[in-house]
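Notes for the structure review
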Amino acid sequence: MSDDELFAWVFDVDRRVILMESMKRHSVLKASFIAQETSRSIQNISHALKEFREKGFITCLNPEKTTWKKYIVNENGKLLLKRLDNFCN
């Protein structure tokens, strides 16, 4: 995916932008915590986490669970954050 396509994907939906900001600040991502921190619904944040996991930017630490999942930013996610920082600066 080109940088232009990637940035368009991230910035197309505000929940993705919110998740990107959380990825910068937290080593472990949980939908309930991000939702509370950002005044968004858990479902909205869970959807963003699913999108980022499907794109390969985050990894689920406990995939066997159906609720209270925890995610970490993987190497692809760290590269995404770096690319976006370079784009925005």
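Before going into details, it helps to say that this report is about the structure given with it. All values reported here derive from a predicted model rather than from experimental measurement.

1. Description of unusual backbone geometry
Despite not being glycine, serine 39 has its phi angle at roughly 60°, a positive value. By the secondary structure assignment, serine 39 is in the loop between helix H3 (31–38) and helix H4 (42–55). Taking the relative accessible area as the measure of exposure, serine 39 reaches 70% and is therefore exposed.

2. What about H3?
Each α-helix turn comprises 3.6 residues. Residues three or four places apart therefore point the same way. Buried residues of H3: Ala31, Ile34 and Ala35, and no others. Take H3 and look down its axis: the buried residues cluster within an arc of 100°, on one side only. Residues of H3 that are buried sit in contact with helix H2 (14–25) and H4. Of the residues flanking the end of H3, it is serine 39, one or two places downstream, whose phi is positive at about 60°.

Definitions and limits used
- Residues numbered from 1 in each chain as written.
- Predicted model: local features only at pLDDT ≥ 70, side-chain atom pairs only at ≥ 80, totals over all residues.
- Heavy atoms only, no water.
- Helix = DSSP H or I, 4+ residues; strand = E, 2+ residues; numbered from the N terminus.
- Buried < 20%, exposed > 50% of the residue type's maximum accessible area, 1.4 Å probe, protein only.
- Arc of directions from axis to C-beta.
- Contact = heavy atoms within 4.5 Å.

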